[in-house]
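The lines below spell out each chain.
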Amino acid sequence: MAEARLRQDIQFPAGASLGISVDEALKVRRVNDPDSRAIKAARYGVVHWTVVEVDGAAVASKSDLVEALQAKTEGDVRVTFESPENRAPQASPLALKRTLDAIGGDEPGEAAGRAFLKRLKAQHRRPPPTKLEGAQPRPRDDDQEARIVAGSCTWRLNKEDPDKADDLARRACAAHAVVGSRAFDCGDIYAGVEELVGRFLATARGQHRALADAVRLHTKVVPDRHITRRCVSPDPLARRRGERAVARCVEASVWRSANRLGAAVIDLVYLHWGDWSEQGFDAALKTLEALRVRGVVRDVGLTNVDAQSLQHLLEAPSTGTPRIHSVQVNLSVVDRRALTSGLAELCVAHDVRLLAHGALMGGLLSKKWLGAAKPSPDAHPNVRSNLVLVEEFGGWSRFQKVLQALHDVACHRDGVTLSMVAVAWALAQTGVKAVVLGARAAEHVKDAGRAERLELSESELELIDAACADAP
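Residues numbered from 1 in each chain as written. Predicted model: local features only at pLDDT ≥ 70, side-chain atom pairs only at ≥ 80, totals over all residues. Heavy atoms only, no water.

We now examine the confidence of the model for the chain. When pLDDT is averaged across the chain, the result is 79; 76% of the residues are at 70 or more. The model gives residues 100-106 a pLDDT under 50, and that stretch makes 15 contacts with residues more than four places away or in other chains. Below a pLDDT of 50 lies the segment residues 123-143, which in the model reaches 34 contacts outside its immediate sequence neighbourhood of four places, other chains included. (pLDDT = per-residue confidence, 0-100. Contact = heavy atoms within 4.5 Å.)

The next subject is the pairing of strand S14 (residues 432-437). For S14, the buried fraction is high: five of the six residues fall into the buried class. Bridge count between strand S7 (residues 148-151) and S14: three bridges; the pairing is parallel. By the bridge assignment for S14, Val 149 is matched with Val 436. (Buried < 20%, exposed > 50% of the residue type's maximum accessible area, 1.4 Å probe, protein only. Helix = DSSP H or I, 4+ residues; strand = E, 2+ residues; numbered from the N terminus. Pairing = 2+ DSSP bridges.)

Within strand S10 (residues 266-272), six of the seven residues are buried, which leaves it mostly tucked inside the rest of the structure. Inspection of the sheet shows strand S9 (residues 216-221) paired to S10 by four bridges, in the parallel sense. By the bridge assignment for S10, His 218 is matched with Leu 268. For the handedness criterion, the β-α-β arrangement of S10, helix H10 (residues 281-293) and strand S11 (residues 297-303) is classed as right-handed. (Right-handed = clockwise from strand over helix to strand, strands pointing away.)

What follows covers the environment of Phe 81. Within the fold, Phe 81 resides in strand S6 (residues 76-82). Sequence separation between Phe 81 and Leu 6 is 75 residues; the distance between their C-alpha atoms is 8.4 Å. If sequence neighbours within four positions are ignored, Phe 81 has contacts with Leu 6, Arg 7, Gln 8, Ile 10, Phe 12, Ile 20, Val 28, Val 46, Trp 49, Thr 50 and Val 51.

Turning our eyes to something else, we now look at helix H11 (residues 307-315). Residues of H11 that are buried: Ala 307, Ser 309, Leu 310, Leu 313 and Leu 314. Here the buried residues of H11 occupy an arc of 160 degrees about the axis, which is enough to place them on one side. Buried residues belonging to H11 abut H10, S11, strand S12 (324-330) and helix H13 (343-349). One side-chain oxygen at the N-terminal end of H11 lies 3.1 Å from the backbone nitrogen of Gln 308; it belongs to Asp 306. (Arc of directions from axis to C-beta. Polar contact = N/O pair within 3.5 Å; in protein donor to acceptor, adjacent residues only side chain to side chain.)

Three or four residues apart is the spacing at which side chains of an α-helix point the same way, because the helix has 3.6 residues per turn. Relative to the 38 Å expected for 26 residues at 1.5 Å per residue, helix H9 (residues 236-261) spans 37 Å between its end C-alpha atoms, a close match to the ideal helical length. Between the side-chain oxygen at the start of H9 and the backbone nitrogen of Leu 237 there is a gap of 3.2 Å, and the oxygen is on Asp 235. (Expected span 1.5 Å × (residues − 1).)

Read from one edge of the open sheet, four strands run S1-S6-S4-S5, paired in antiparallel fashion. Of all strands in the sheet, those bounded by a partner on one side alone are strand S1 (7-13) and strand S5 (57-58). With seven bridges connecting them, S1 and S6 associate as antiparallel partners. Note that in S6 the partner of Phe 12 across the bridge is Val 77.

Within the largest apolar cluster, 85 residues are counted, with the highest numbers of intra-cluster contacts made by Val 327 and Val 435. Of all the elements, helix H16 (residues 418-427) adds the most residues to this core, at nine residues. Setting aside residues no more than four positions away along its own chain, Val 327 makes contact with Tyr 270, Leu 302, Val 305, Leu 310, Leu 343, Cys 347, Val 352, Arg 353, Leu 354 and Leu 355. In terms of nonpolar packing, the next biggest core, distinct from the first, is built from 19 residues, Ile 10, Leu 18, Val 46 and Val 77 among them. (Core = buried A, V, L, I, M, F, W, Y, C linked by side-chain atoms within 4.5 Å.)

We now examine the packing of aromatic side chains. As enumerated under the stated definition, the model contains five aromatic pairs in all. Aromatic pair Phe 12 and Phe 81: ring centres 6.5 Å apart, planes at 55 degrees, arrangement tilted. Placement of the pair is Phe 12 in strand S1 and Phe 81 in strand S6, with a sequence separation of 69 residues. Each member of the pair, Phe 12 as well as Phe 81, is classed as buried. Pairing Trp 369 with Trp 396 gives two aromatic rings, centres 6.1 Å apart and planes at 90 degrees, and the pair type is edge-to-face. Residue Trp 369 is located in the loop between strand S13 (353-357) and helix H14 (381-393), and its partner Trp 396 is located in helix H15 (residues 396-411); the two are separated by 27 residues in the primary sequence. Trp 396 carries the same exposure label as Trp 369, and that label is buried. Clustering of aromatic rings is evident, with ring pairs tying together Trp 273, Trp 276 and Phe 281. (Phe/Tyr/Trp six-rings, centres within 6.5 Å; stacked < 30°, edge-to-face > 60°.)

See the structure below:
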């Protein structure tokens, strides 16, 4: 007997667009308006669901749907969606947020949180779909890991023209996959990015299954500060409740990311903790380890962790915490804290993969800024945030000497740019296994691929280091 499919009702304002695209069978192919209050407030996401009723009346075609929607001119219209076959329902962002907001504090809220996560676990135990012929298993040898990871935090989604922004970002995904950068660095706080990568992979599986299966997915879990603060309470009972709240927040975030990415397994999940001097991260790490044991997460990493905190986690880990597979930190020719603090050597000693982000300093390490005036206060946010590092380094004039050194190295190589040299320098540093780059344009993605293969000589590395030697 066929399993009954789940249904959900969503109230839309009468006369307004639903903000979705459906095919002839009324199956939702995409959400055109990710900011739709109605869709965000729904219990489950609607992609792959089918529209079956409008205000209780059945609809069988797109014309029936349009006619039923046009008939209602005031108030709200109730649209009923039916879940797809053999697919676990995916909780919508606001449904998860409402549940997380209820966690911690009173007992009813905690009970609701436990019940919610129990439903998610039950869904995950459903048998996976049959693997298609021609799909190739992903290699797991660390030597075959991508050295250039596609960083998605700079893929700003244009709300004024979401279709155009979505198309450009999908092209960036495709360009990275084609040139061989088949690892995507996402995050649960990068608005719209996980859904975008998920849609790209869903399309790619239908066109080139082996390529899509070779893509590795990285994401970050960033527990809310209002939850993590509960872990530093002087009251032991309140502290334990805070740790339970952190654990459920982390677990729900991982499930949300898996749903958005359309992934049965997330290859690498980073924990981003706001302040490593504060307690509570053990609860988060133990939750990630439990998900790793169950096969939801393949590896666990950390972001923006300092050497002292990392040493403690590696040399005196708490029972039930995972082996740290990767660490992602800021590293560039100007910002060398990961090298000078001993963090890189610590990663080498403990066989932890070190990934560098910020290797191009938000675009400042490019020929565009060689000989140029200091950026204005209204420059791009990525540029402004990295100007702080420039000032700490010694100012704009000192920074110009570094740009000149990178340019001099590039001039002695055919088809090599200043930015490519900056990336190659980062890849040449102790322990660095990969660089996370937020390239979007196809030509920049190709440059990133060439930078991966660029090996700098000892004399070239010395020239670059000499330009930085006089920094205060």
